Amino acid sequence: MKSFAPKMFALLSIALLFASVRAQQVWTPEMQVKTKVVGSPQISPDGKRVVYTVNDAVMTAEKSEFVAQIWLANSDGGNNSQITFGDKSSTNPKWSPDGSALAFTSNRKDNRNNLYVLRLNGGEAEPLTDLKGGIADFEWSPDGSSIAYLISDLKTDEEEKNDKGRNDFRWIDENQKMSRLYLMPMAKDANGKREPRKLTTENYNVSGFDWSPDGKTIAFSFVKTSGANDWTTSDVSMLDVESGKTTILAAAKAAETAPFFSPDGKWVAVVASDDPPRWAQSNFINIYPATGGAPKVYAATFDGQPNIAGWSPDGGRIYFSEAKGTGTRIYALDVAADKIVNLNETDEVLAAVSLNRAGTMMAFVKQNYQTAPEAFVSKIDKFAPVQISRANTDAPKMPLGKTEVIRWKSKDGREIEGLLTYPVNYRAGTKVPLILNVHGGPAGVFQQNYIAGRGSYPIAAFASKGYAILRPNPRGSSGYGTEFRRANIKDWGGRDFEDLMTGVDKTIEMGVADANRLGVMGWSYGGFMTSWIVTQTKRFKAASAGAPVTNLMSFNGTADIPAFVPDYFGGQAWENPEIYAKHSAMFNIKGVTTPTLIQHGEADIRVPISQGYEFYNALKAQNVPTRMIVFPRQPHGLQEPKMQIAAMQSNLDWFEKYLGSDSAQK
């Protein structure tokens with residue numbers, strides 16, 4: 001009787017926890033998908049105003065899409081007002097050099113992304129282009145007299161005719177549509193038109209660019225094709241705007257990208273990979289003389305993945321951001337001394353970092369696990385964020401599960417960390433169902449993002465239903481340096497698997513996780529790991545594999561990045577079939593018993609849906625409880641709110657069936 005009492009007390013504690021959770025209002029997928037996403041904060045040239053976008057879910061009986069509109073505020077956070085409207089998005093706002101107008105892109109006509117300008121002294125937005133394609137990006141010239149933009153090649157008249165006549169066969173890797181650079185004057189010609197001029201005509205794909213301060217030159221990065229697989233071929237060239245002549249600036253075997261001119265126009269900062277480029281990337285900041293010549297190569301940054309935001313006004317520093325652990329750091333690189341200093345010390349997640357034209361202020365989007373993303377600004381010389389937007393002020397005021405960073409030792413002694421989210425109103429010592437959530441990549445990273453946001457995995461909803469969620473950053477993750485990011489090369493499902501299992505062990509040792517009620521879920525590489533885990537252990541009572549890589553051989557032959565897996569595993573499948581089979585769930589699936597949900601976008605070219613079908617059919621053939629949900633039109637990440645709700649709800653239902661309160665009583 002004495003041994004029975006503690007067990008009864010534990011079951012009673014769990015029952016009371018679930019009862020208290022269900023007695024209060026809980027987070028739902030519908031609530032989470034309505035969290036607004038703030039983006040593209042830009043400070044006016046005089047530093048007095050800030051423009052940003054707010055992306056909201058729009059759902060009716062006939063519609064399911066995310067729509068963004070542009071907002072304007074003072075740089076002290078006052079006078080927020082929406083300045084674009086309608087049922088289509090307006091995005092990527094950028095200030096004119098004199099601060100009198102905003103240019104932006106919008107798909108308001110024929111669902112094609114064209115350029116518009118809104119003059120802030122009054123009036124409606126004026127269309128600047130009316131193109132059949134979609135503009136990817138643009139930049140004002142320094143004097144405001146023109147705008148350069150990127151757009152992919154349009155279909156020819158013959159191709160459009162063949163489309164209509166259903167004579168639209170195509171040859172793979174041939175006749176690729178390249179992204180090209182165009183220049184459009186702001187002033188209309190005698191016929192009342194703004195005729196754009198094509199600046200790049202060579203057979204390559206322009207990926208990014210920056211104007212020189214005097215407006216005479218554009219530095220641009222380009223790759224040999226428009227395919228995602230060819231990022232490793234990226235180089236940087238200089239274009240003389242008047243003549244159209246181009247000269248190579250950076251063309252080593254490394255991948256060079258993201259050019260940024262110094263304020264005096266004498267130097268160009270470039271992000272360069274190591275040589276040769278690896279998919280588990282390690283990048284450096286190089287500075288080239290604008291007239292050509294060898295670069296100065298700077299010391300490695302902490303994580304080896306710097307995102308340049310811009311230069312200081314005197315050209316003495318370069319500002320950049322990158323992940324550090326579960327947060328984001330903004331750094332200043334001293335160009336002369338080759339020294340890096342932190343500008344911020346806390347672990348919030350910062351994104352979309354940009355500088356004003358004078359280089360004295362920065363804007364960014366900031367969030368943490370309990371605070372939704374909003375736009376902020378700070379002076380550069382003293383990091384003190386001032387909140388600008390209030391987009392999520394009306395979000396549900398319901399409790400969120402506490403989230404904390406925990407650390408543990410893996411089997412080989414390496415320290416691993418992750419984020420543990422507790423159930424809402426968790427009582428210490430209570431053992432609860434735990435879901436292991438594995439991130440994608442494998443070079444992704446779990447950071448302290450708002451847990452009631454969008455996506456496929458409703459962390460806030462799980463926590464409000466009594467679950468704990470562990471989100472580890474195993475070896476192979478970003479945020480911990482290049483060596484850590486490359487520690488899983490030729491070893492997917494090896495020691496990274498041990499990192500995950502020892503993390504689960506840690507939560508059990510902490511008295512949080514119920515060892516008999518464990519689940520696992522993840523998307524992309526997280527889906528790979530989920531499918532792998534159920535072939536290696538039976539400790540998990542349920543699994544959900546999203547866009548899972550289940551067969552490295554067939555994945556490598558059907559994905560849009562066929563160089564990815566060979567880089568990680570040291571060769572092609574026909575060169576070393578044993579290692580591909582050893583690390584593929586499909587070659588280890590015999591005997592799996594874990595009930596597994598599979599989720600996949602039907603238009604996924606990164607991880608083709610055949611990967612999900614392979615696993616689903618193998619589970620079915622072995623009478624393993626399984627379901628597969630397919631999301632029409634969706635690429636690798638779900639892009640429509642109703643599809644996100646379906647993914648979140650099916651995950652909640654699946655784990656509730658096998659780990660929830662009803663299962664606890666069985």
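Residues numbered from 1 in each chain as written. Predicted model: local features only at pLDDT ≥ 70, side-chain atom pairs only at ≥ 80, totals over all residues. Heavy atoms only, no water.

Trainee: Just checking my understanding: could you explain the packing of helix α6 (residues 495–509) against helix α7 (residues 525–536) for this structure?
Mentor: In helix packing, the relevant descriptors are the interaxial angle and the interaxial distance, both defined with respect to the helix axes. Following both chains from N to C, one finds α6 and α7 inclined at 80°, their axes separated by 11 Å at the closest point. Classified by the interaxial angle, the pair formed by α6 and α7 is roughly perpendicular. Every residue of α7 that contacts α6 at D496, F497, L500 and M501 is listed here: Y525, M529, W532, I533 and Q536. The residue makeup of the contact of α6 with α7, split by class, is seven nonpolar, one polar and one charged. (Axes fitted to C-alpha atoms, helices over the stretch in contact; angles between N-to-C directions. Helix = DSSP H or I, 4+ residues; strand = E, 2+ residues; numbered from the N terminus. Parallel < 35°, antiparallel > 145°, perpendicular 65-115°, else oblique. Contact = heavy atoms within 4.5 Å. Nonpolar A, V, L, I, M, F, W, Y, C, P; charged D, E, K, R; others polar.)

Trainee: Sorry if this is basic, but what is going on with the packing of aromatic side chains here?
Mentor: How two aromatic rings sit relative to each other is set out by the distance from centre to centre and by the angle between their planes. By the definition in use, this model includes 25 aromatic pairs. Measuring from ring centre to ring centre gives 5.5 Å for W279 and F564, while their planes differ by 65°; the resulting arrangement is edge-to-face. Placement of the pair is W279 in the loop between β18 (267–273) and β19 (283–289) and F564 in helix α9 (residues 564–569), with a sequence separation of 285 residues. Both residues of the pair, W279 and F564, count as buried. Consider the rings of F364 and F383, whose centres lie 5.6 Å apart with planes at 20°: the pair is stacked. On the criterion of sequence distance, the pair formed by F364 in strand β26 (residues 361–368) and F383 in the loop between β27 (371–379) and β28 (386–387) is long-range, its members being 19 residues apart. Assessed through its relative accessible area of 0%, F364 is described here as buried. You can call F383 partly exposed: its relative accessible area is 22%. Aromatic ring contacts, followed pair by pair, group W231, W279, W492, Y525, F528, W532, F564, Y568, F569 and Y580 into a single cluster. When the ring centre of Y116 is taken as origin, the NZ or CZ atom of R108, which lies over that ring, is 4.7 Å away. One Lys or Arg, K324, reaches over the ring of F302 and ends 4.9 Å from the middle of that ring. (Phe/Tyr/Trp six-rings, centres within 6.5 Å; stacked < 30°, edge-to-face > 60°. Buried < 20%, exposed > 50% of the residue type's maximum accessible area, 1.4 Å probe, protein only. Lys NZ or Arg CZ within 6 Å of the ring centre and 35° of its normal.)

Trainee: Help me out: how do you make sense of the layout of surface pockets in this one?
Mentor: A probe matching the size of a water molecule, rolled over the atoms, marks out where space remains unfilled. In this structure, the second largest pocket occupies an estimated 1,100 Å³ of space. Around the second largest pocket, the lining comprises 33 residues; the ones closest to its centre are F446, R454, G455, S456 and Y457. Those elements giving two or more residues to the lining of the second largest pocket turn out to be β1 (37–43), β26 and β31 (432–438). Per-class residue counts for the lining of the second largest pocket are 13 nonpolar, 17 polar and three charged. (1 Å grid on protein atoms, 1.4 Å probe; cavity = no way out; pocket = protein on both sides within 12 Å on 5 of 7 lines; lining within 4 Å. Points joined across faces, edges and corners; volume = space filled by probe spheres on them.)

Trainee: I tried to follow the sheet that holds strand β13 (residues 205–211) on my own but got confused; where do I start?
Mentor: Adjacent strands of a sheet pair through backbone hydrogen bonds, lying either parallel or antiparallel. A sheet is described by the order of its strands in space; here four strands give the open sequence β13-β14-β15-β16, paired in antiparallel fashion. Each edge of the open sheet carries a strand with a single partner, namely β13 and β16 (246–250). For this sheet, the mean angle separating the axes of adjacent strands, direction not counted, is 30°. Inspection of the sheet shows strand β14 (residues 217–223) paired to strand β15 (residues 235–240) by six bridges, in the antiparallel sense. Bridging from a neighbouring strand, F220 pairs with S237 of β15. (Pairing = 2+ DSSP bridges.)

Trainee: Sorry, what's going on with the pairing of strand β5 (residues 90–95) here?
Mentor: Two faces make up the sheet, and in a regular strand the side chains alternate between them. β5 sits mainly inside the fold: five of its six residues count as buried. Here β5 runs beside strand β6 (residues 101–109); their pairing, made up of four bridges, is antiparallel. Considered in β6, the bridge of T91 is made with T105. The turn joining β5 and β6, which pair antiparallel and follow one another in sequence, is formed by five residues; a positive phi near 75° is taken by G99.

Trainee: Hey, could you run me through unusual backbone geometry in this one?
Mentor: Note: most peptide bonds trans; most residues except glycine with negative phi. Cis geometry is found at the peptide bond from D275 to P276, where omega equals 0°. Here P276 is to be found in the loop between β18 and β19. In this model, G441 is joined to P442 through a cis peptide bond whose omega is 15°. Following the sequence through the fold, P442 ends up in the loop between β31 and α4 (459–464). Of note in the backbone geometry, N111 takes a positive phi value of approximately 60° without being a glycine. Mapped onto the elements of the fold, N111 is located in the loop between β6 and β7 (112–119). Phi at A258 is positive, roughly 55°, even though this residue is not glycine. In this structure, A258 sits in strand β17 (residues 256–261).

Trainee: Just checking my understanding: could you explain the environment of G440 for this structure?
Mentor: Structurally, G440 can be placed in the loop between β31 and α4. In the structure, G440 is positioned 402 residues away from V38 in sequence and 23 Å away in space, judged by C-alpha atoms. Sequence-distant contacts of G440, defined by excluding residues within four places in its chain, comprise W523, S524, Y525 and G526.

Trainee: I keep staring at the pattern of salt bridges and nothing clicks. Help me out?
Mentor: Any two side chains of opposite charge can pair, on the condition that their charged atoms come close. Inspection of the entire model under this criterion finds 26 salt bridges. Through salt bridges with shared partners, a single network forms among R119, E126, K188 and R194. (Salt bridge = Lys/Arg side-chain N within 4 Å of Asp/Glu carboxyl O.)

Trainee: Where do I start with α7 in this structure?
Mentor: One turn of the α-helix equals 3.6 residues, which is why residues spaced by three or four share an orientation. Here α7 spans 16 Å end to end across 12 residues, near enough to the 16 Å set by a 1.5 Å rise per residue. Across the 12 residues of α7, 11 count as buried, placing the element largely inside the fold. Every buried residue belonging to α7 is among Y525, G526, G527, F528, M529, T530, S531, W532, I533, V534 and T535, and all of these are buried. (Expected span 1.5 Å × (residues − 1).)

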